[in-house]
Amino acid sequence: MATLSAIVTCSKIQSRSYLALSEIEMSDSGDEEWSTEWIPYSERNEWADVTPIQQDDDDKNPVVAISYSPKFREVYDYFRAILAHKEKSPRALELTTDALRLNPANYTYRRDILRELGSDLHQELDYIEEVILDNAKNYQVWHHRRVIVEMLNDASKELQLTENALSVDAKNYHAWQHRQWAITTFNLFDNELAFVDRLIAEDIRNNSAWNQRFFVVKHFGFTTEVIQRELQYAVNRIRVVKNNESAWNYLKGVLRQSETAALDEYPEVLEFSEELYNSGSRSPYLLAFLIDLYSEQCLTAEDPNARQTLARKVYTLCDDMAKKHDIIRRKYWQYIAEQLKSKLDSNQL
């Protein structure tokens, strides 16, 4: 059996927030970037009138004790003091900057101070940008950004900010969510398709970019012309990389926007898919698409012979998926084949 020490060491490596009978150190996040001349608040003359308030832990014998660093403890002791007195002053604003740098989790009181002081919110946007580029997966800072932008009613910097964040992590959920909010709220759709197209050109498997393309196209509406354009767009990129789940999902999603939502409503897509299959492609995404398409055709076919032919195609493809191309989900494909057989048997009764 692994020792407690080994368990703790392993857990610390994985998350830095481990559950064990030991202490968790609340260290100075990014401390190496702080000035070595940082002066404790207790040594600053302008804070001499403030009595810090220590944290009052209800549980005096916690299973997981939190070991706060001296700097963390000092900053938050003074933060609790100004919060208790509801102080909203320039020095309080400065204190929140230090507090949020140590633990970027709650910006509510900072916003209260900004409102009270009538602060320059454009400067606040600059501050938030620095925080985001340093900690782009923090939900709270993105929410803070949104509130400040709404207060200013100015989203002129949001597309560039999110683009910068996405250049570091193209699948950052918070950056994409913020971008969608900005372009929807402030009607910034005009150049978004070009932006998304560039991302897809850089990484054709960027599922976030494909999702964004669907989001933008849906905003303008899926007319017949748009559907045909987007189907061709997806087909062209599948030709480049046939084993690309994102493009196949997009193709299927666009087809579902047609009047009938049937996968075979546009014959050119079926011809393209069968062409790939007949040329030897066995991409699991191609096979999954054909299984869905043939199943739909089978259940709506009036000719018994046609139903039988289509059913055999589905059973063969499901068997290939279960035994060769998607073995890890073999039971799922067996289930799909069984479901089709059950539906056909029910229709024949």
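Residues numbered from 1 in each chain as written. Predicted model: local features only at pLDDT ≥ 70, side-chain atom pairs only at ≥ 80, totals over all residues. Heavy atoms only, no water.

Enquirer: Help me understand the overall build of the chain, please; the structure alone is not making it clear to me.
Expert: Each helix and strand counted, the chain has 16 helices and two strands in total. By residue count, 41% of the 349 residues in the chain fall in the buried class. Within the chain, residue pairs in contact and separated by at least 24 positions form 64% of the contacts whose partners lie at least 6 positions apart. Of the roughly 20100 Å² of accessible surface on the chain, 49% is carried by carbon and sulfur atoms. (Helix = DSSP H or I, 4+ residues; strand = E, 2+ residues; numbered from the N terminus. Buried < 20%, exposed > 50% of the residue type's maximum accessible area, 1.4 Å probe, protein only. Contact = heavy atoms within 4.5 Å. Areas by Shrake-Rupley, 256 points an atom, 1.4 Å probe, with all protein chains shown as cover.)

Enquirer: How should I be thinking about helix H10 (residues 207-220) in this particular structure?
Expert: Residues spaced three or four apart along an α-helix face the same direction, because each turn holds 3.6 residues. For H10, built from 14 residues, the straight-helix expectation of 20 Å at 1.5 Å per residue is met to within 8% by its first-to-last C-alpha distance of 20 Å. All buried positions along H10 are accounted for by Ser208, Ala209, Trp210, Gln212, Arg213, Val216 and Val217. Measuring from the backbone nitrogen of Ser208 back to the side-chain oxygen at the start of H10 gives 3.1 Å, which picks out Asn206 as the cap. Looking one or two residues past H10, Gly221 carries a phi angle of roughly 110°, positive in sign. (Expected span 1.5 Å × (residues − 1). Polar contact = N/O pair within 3.5 Å; in protein donor to acceptor, adjacent residues only side chain to side chain.)

Enquirer: Sorry, what's going on with the packing of aromatic side chains here?
Expert: Aromatic ring pairs: the centre-centre distance and the angle between the two ring planes describe each pair. According to the stated counting rule, one finds 19 aromatic pairs in the structure shown. Residues Phe214 and Tyr250 carry aromatic rings whose centres are separated by 6.0 Å and whose planes lie at 90° to one another, so their mutual orientation is edge-to-face. Remark: Tyr250 occurs in helix H12 (residues 245-255) and Phe214 occurs in helix H10; sequence separation between them is 36 residues. Among the aromatic side chains, those forming a connected cluster through ring pairs are Tyr68, Phe72, Tyr76, Phe79 and Tyr109. Directly above the ring of Tyr127 sits Arg110, whose terminal nitrogen or CZ lies 4.1 Å from the centroid. Note that Arg179 overlies the ring of Phe195, its terminal NZ or CZ placed 3.8 Å from the centroid. (Phe/Tyr/Trp six-rings, centres within 6.5 Å; stacked < 30°, edge-to-face > 60°. Lys NZ or Arg CZ within 6 Å of the ring centre and 35° of its normal.)

Enquirer: What should I look at first to understand the pattern of salt bridges in this one?
Expert: It is possible for side chains of opposite charge to pair when their charged atoms get near one another. Considering all chains together, one arrives at 21 salt bridges under this definition. Here Arg256 ties to Glu296 by a salt bridge, and the two come within 2.6 Å at their closest N and O atoms. Of this pair, Arg256 sits in the loop between H12 and helix H13 (267-278) while Glu296 sits in helix H14 (residues 284-300), and the two are 40 residues apart along the sequence. One continuous salt-bridge network, built from bridges that share partners, spans Asp49, Glu87 and Arg91. (Salt bridge = Lys/Arg side-chain N within 4 Å of Asp/Glu carboxyl O.)

Enquirer: Honestly, the packing of helix H11 (residues 224-240) against H13 in this entry has me stumped. Any pointers?
Expert: Two measures define how a pair of helices packs: the angle their axes make with one another and the distance between the axes. Running from N to C, H11 and H13 point in directions that differ by 10°, and their axes come no closer than 11 Å. Compared by their axis directions, H11 and H13 come out roughly parallel. Between H11 and H13, the residues in contact are Leu231, Val235, Ile238 and Arg239 and Val269, Phe272, Glu275 and Leu276, respectively. Residues of the contact of H11 with H13, tallied by class, amount to six nonpolar, no polar and two charged. (Axes fitted to C-alpha atoms, helices over the stretch in contact; angles between N-to-C directions. Parallel < 35°, antiparallel > 145°, perpendicular 65-115°, else oblique. Nonpolar A, V, L, I, M, F, W, Y, C, P; charged D, E, K, R; others polar.)

Enquirer: Sorry, what's going on with the environment of Ala288 here?
Expert: Looking at the secondary structure, you find Ala288 in helix H14. Placed 26 residues apart in sequence, Ala288 and Val314 show a C-alpha to C-alpha distance of 9.6 Å. Each residue touching Ala288, except ones within four places of it in the same chain, is listed here: Met321 and Trp333.

Enquirer: Just checking my understanding: could you explain unusual backbone geometry for this structure?
Expert: Negative phi characterises most residues that are not glycine, and trans characterises most peptide bonds. For Asn187, which is not a glycine, the phi torsion comes out positive at approximately 55°. Looking at the element boundaries, Asn187 is found in the loop between helix H8 (173-185) and helix H9 (192-202). Overall, the relative accessible area of 54% leaves Asn187 in the exposed class. One non-glycine residue with positive phi stands out, namely Ala261, at about 60°.

Enquirer: Any chance you could explain the confidence of the model for the chain here in plain terms?
Expert: It should be kept in mind that the predicted coordinates are not to be read in detail where pLDDT is low. For the chain, per-residue confidence averages 89 on the pLDDT scale, and 87% of positions sit at 70 or higher. Confidence drops under pLDDT 50 across residues 1-25; counting only partners more than four residues distant or on other chains, this segment forms 27 contacts. (pLDDT = per-residue confidence, 0-100.)

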